[in-house]
Every structure is written in structure tokens, then in C-alpha cells.
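Report on the structure
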Amino acid sequence: MCGIFGYVGANQAGGDIILDALRKLEYRGYDSWGVAVGANGHIDIAKHAGRIGDAVAELPDAPIGFGHTRWATHGGVTDANAHPHLDCTGRFAVIHNGIIENFRGIKDRLLASGHQFHSETDSEVIAHLVEEAMADDPNRDLISAVREVFAQLRGLNAIIVLDNRTHQLTAVKNVSPLVLGQGTKGLYLASDALALVGHADRIHYLEDGQMARLASDGVTLWSAETGASQPPDFQPLTLTANDTSLGIYPHFMIKEIHEQPEVLRNISSHYSEPVKELAALIRESYGSFLVGSGTASYAALSGSYLFSRIARRHVNFTVGSEFKYQEHFITDRSLVIALSQSGETADVIESVLAAKQRGAKIAALVNVKGSTLDRLADFSIPLGAGPEQCVLSTKAYTAKLAILLMAAHELNGSLHVARELLWQAIDGIEQAIAPDSANLIRAIAARIVQREHAFIIGRGLSYPTALEAALKIKEVSYMHAEGFAGGELKHGVIALVEQGTPAIVFSPNDETRDDILSGAMEMRSRGALTIGVSPVNDQIFDEFIPVADAGDASPIVNVIPAQLLGYELALLRGLDPDKPRNLAKSVTVK
Ligand code: F6R
């Protein structure tokens, strides 16, 4: 959460470059934004609550500066709490991503020694700490001062300090991501490689505890722990403008929904080797655990069903934030399989670090290459889904399902079956996103858009699909949607069903069909408007969304109507599907 971007170079329009890059990073947090540039002997800042939109930063020309898009943690969404923050002298500005867990004590001490604070954020303490560290010797090397300051901060943080006297940016990180970019017009730092497209040709992922100084004479890296200098390990930036633009689509959400067949074609055709390695790790382990948060957790839960039914393997499942309460089972013979689009989710990273401490092997299914999880894992499978810029996860979800399906079949010695099922699923998605299907979903959305609640049921493999469908609908349209196991209906939730309550029913051609139809009937008898998602219609469905039968790959197909329904509901409610309120991509805080 929070996007950060820094620039040092030959271009005097630093403020414009930074503001433009922040637009690409805004999906990491869009409560407020701010840009600082160092020019004419002082630091100029433009910062505002709200989204960037078409804003123009009224800033002087400058070849050095940085900017920030905020997802608020400490302090409300106000101009004052927007980053960057200055020290008392105005020499240093700071931007920060993360949470400084011990900021309260630091702030109290700084206040007692006379520092003036202008925000309620934890981040502002960094500027004052740097000021203090430089107070005795204004010519002290900023690197050593920032190193001393960073050692005082507890938590998963990435910071950049702008020094307007020595014209440099100094950065350091712990877990929260920072990517260094080098291009013909200068040097860059960003919390996401995406923002470097069009600027940098080469990138280096900063390691935890690695410090970087960017100045007009180049970049230098050091270890924050030892102070020893380290050479950057540059690699080409492979993302292109095509990867980051909307193309023919009005929103990234619909673009990414439509990209799913291509993502799955790639997985089905090229993932045999990594899938075999993952299956071998599961086979060799004494206990495997799938871990993920949010949508990734539903992919993980689906995985536990797939391994059970296809490979007859018990693969545990835990959501990232709960892992630490169940980690007692982990030994040096365990395997933890972490699932994450961003590779930066703090809850998942914390789980992985805890498992590593117990000696477990870590496998990861991660979309963002070079991300923390990608680098922490002993074995990492890139999802290859391309950048997900809508805050909602869609294509990364189906990519994870496809890899888990293949791994389950590989364990069963039937990888070729998984490939066939995936091709059926790809055809099924093509049908689900075709104009006729999309029109049907739009009409159903119009029928239910005024409702406050929706309930979604599925059994077996379709249970995680029901949970994911509910998450998609509620996070983008703000309609309260609740997914649950069809059998649980009569144990309480049915009390909430009223005349016209939408009830989405996942009813694939599997062993769950009869029971789930009974559940649907129970809801309909109490007034629910039943919406069947199934290869086969039934008289108890008031609305019917036909989907292809893809056997055990059906969860990949069945989630598509829910993604589309969420999208259409958001549009009908006048909401921006790419940036729902209160959310951000990459949840790097606990
Ligand atoms: C839902 C969504 C979130 C993420 C969750 C984990 O659409 O995007 O629930 O799935 O925050 O994120 P990653 O996959 O990046 O670990």
C-alpha cells in the first residue's frame, strides 16, 4: 500500500515526471497524493487529499524530487497527512510506505525535544529523526544518518529521504518493496516496476536492508547492516507500455477479465516443468500448507479441494493473517505454498517468515516477479498473468487455480487431463465473456442493483467459488454479498432471505448438484430470486447464467460471471471499478 516514486536526472520537469508516474502507482493507495521537488535552495511541495485525476502540480522546474500516493494508516485523509513530510528546517523531505510500529514513543521524545509536527502520521517522525541525526554535523554523510534512523524504526518499511542541500535521494527498505530504475534521462526509485515503464531500461530490486543513494553523479548501494558498498544487479525492464495501458477497454477490471484466456493458454502450454517441481515438493513434504489472503485465500482453499479430490492428498489451508495461530504444526519437513498476486501481502510474508524460521520449505505462486515473496521462496512459480492494475484480483485468481489444478493432476500422474480441462475452461471463459453472455449479466445486474444483500451458495469445489464471487461483488459494488457453503444455509443465514433477495447458486455437473438445488429451493420458497450459474438450467432458477462444463476446472469458468456481475453492478451504481473505496492493491501492512 502507498506508492512511492523518486527521480534524479537531467530533466528539469521532474515534478511532471513524478506526478505522471504516481498516476500509474495510484492503485497502491488513493486517499491522497503529494510531490516534492528540490529547487532554488529549498523544497517545494504540492500535496492534496483525494485522487490525482487531472491534477497539475504547481511546482518549479527541478531535476530531483519524489512523490507518494497514500493509503491512510495513521491519521485521517487530509492534505496535512499526505506525504511528503518535512523536518523542522525544511532541508529534508520524506516519503514512506509501511507502518512504523514504535512511532508513538519516538514522536513523544521528538516533541519533548522541541520538534514541530504538522501531521498525525507515523511517517513524519522520519524527517525529524534525520534532522536530529544531522544536527551536530550538517556535512555528515546522509547515508550514515539514514542508516542510523532506519535502525530505530520497527516494522515493514520503505523510505526515501530527499536532501535539498546535497541534492540526493537516499532510500532504504525492509520488506516493503522498492525498485531502482536506470534510464537515459536519469535514475528512479519506485515501489512498483510498472511505474518505471517509459523511463527506465534497467531495474534492480532493492534487497531488505540495502540502501541506495541517487544523485546526479549516479547511484551507489550499501548494506545498511554492515555499511559495505554493494554493486547493483541490474536486469532489463521487460514491461512495456502495452502492459500498462487500457487499450480498447474503459477500465482495467474488464481488460483483465478479458485477458484470462490468454493467461491460461500460457499456463496450460508452458507450465509442465514448474508444476512437476511443485508436485514433487508436495510429495516429499510431511504436511503442506496453502496460504493466501483475500482472493488468493480462496484460490488456496480451492487448491485444498483439488488436491483432495484429484490427488487424494491432504493439503492444509490457512488465511495469511491466521497462519501464526496455527503454525505450531510446521517443522523442517513441512512445505508452505504461498499464493499472492503482488508478492507483497504482509500477512502472507509474515506467515512465510515464521515458517522459514521453523525450517519449512517455501513454494510461492506469485504474479509480480522480483517481489518480496518471489525472492523469499525456495521455489517460485510466476503466474505470468501480466500486471493487474485493477485493485480487484481477477486474472491472477484463475491463473493460481490453473496451476493448482495441474499440480494436483501431476501428483495423480494425470497431468495431460489437467491440460485438457484447462482448454475446456479457456473455451468456457471465451463464451462467458462473449457479448451475449455479457449482455445477459448486464440485464441481471440491472434487475438486482437496488438490492442491499445478495447470497451466494456452492458446495464442494464451488464453495470457494461462492466465497470469491461474494468478495468480487461486494468490494467493487458495495452490495453486501455473502458466500457460504450451501449446506450451511439452514443453520442461520436463511433468516436473512426476504422477498426478492438475490441468491446466486453455483450448480456444476458434479456430485453437489442435487443438494445445492435443494438449498436453492429452500431460498426460493422464502422469496429469494434465484440466479443459477450452471451448464444445465433448472426450473427453480428465476435467472439462468449458462456456463460451460469444464469438470474439475469449473471453478475457473464459474467465477467469470461473478467477476462480470460485480463489474456491471459497479457501473450501474456509478462507481469506479478499478479503485473501490478504502482499498488498495498490495496490502503491505498488517
Ligand atoms: C480482492 C483482492 C484482495 C487480494 C488480497 C491478497 O479482489 O484483490 O483480496 O486478493 O489482498 O493480495 P495478493 O494476492 O497480492 O497477496
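See the structure printed just above.
The structure contained in this document is the topic of the report that follows. (Residues numbered from 1 in each chain as written. Predicted model: local features only at pLDDT ≥ 70, side-chain atom pairs only at ≥ 80, totals over all residues. Heavy atoms only, no water.)

In the vicinity of the ligand lie 16 residues, with Ser340, Gln341, Ser342, Thr345 and Glu475 positioned nearest. The side chain of Thr345 places a nitrogen or oxygen atom 2.4 Å from an oxygen atom of the ligand. Contacts to the ligand include Lys472, whose side-chain N or O atom sits 3.0 Å from an oxygen atom. Relative to its unbound accessible area of 400 Å², the ligand is 89% covered by the protein chains. (Near = heavy atom within 4 Å. Polar contact = N/O pair within 3.5 Å; in protein donor to acceptor, adjacent residues only side chain to side chain. Areas by Shrake-Rupley, 256 points an atom, 1.4 Å probe, with all protein chains shown as cover.)

Further remarks concern the sheet that holds strand E15 (residues 235-236). Strand order in this open sheet of 8 strands is E3-E2-E4-E1-E10-E9-E11-E15, and the pairing throughout is antiparallel. On the outer flanks of this sheet lie strand E3 (42-49) and E15, each paired with one strand and no other. One ladder, built from 6 bridges, connects strand E1 (residues 3-9) with strand E4 (residues 64-70); its direction is antiparallel. Each residue of the ladder has a partner; that of Phe5, found in E4, is Gly67. (Pairing = 2+ DSSP bridges. Helix = DSSP H or I, 4+ residues; strand = E, 2+ residues; numbered from the N terminus.)

Here the focus is unusual backbone geometry. In this structure, the amide linkage connecting His83 to the following residue, Pro84, adopts the cis form with an omega of 0 degrees. Positionally, Pro84 belongs in the loop between E4 and strand E5 (85-86). If you check the backbone angles, Val175 has positive phi at about 70 degrees while not being a glycine. Within the secondary structure, Val175 sits in the loop between strand E8 (168-173) and strand E9 (179-183). Note on Val175: relative accessible area 7%, which makes it buried. Positive phi, normally seen in glycine, also occurs at Tyr478, with a value near 65 degrees. Within the secondary structure, Tyr478 is located in the loop between helix H15 (462-477) and strand E22 (480-485). Residue Tyr478 is classed as partly exposed on the basis of its relative accessible area, which comes to 26%. (Buried < 20%, exposed > 50% of the residue type's maximum accessible area, 1.4 Å probe, protein only.)

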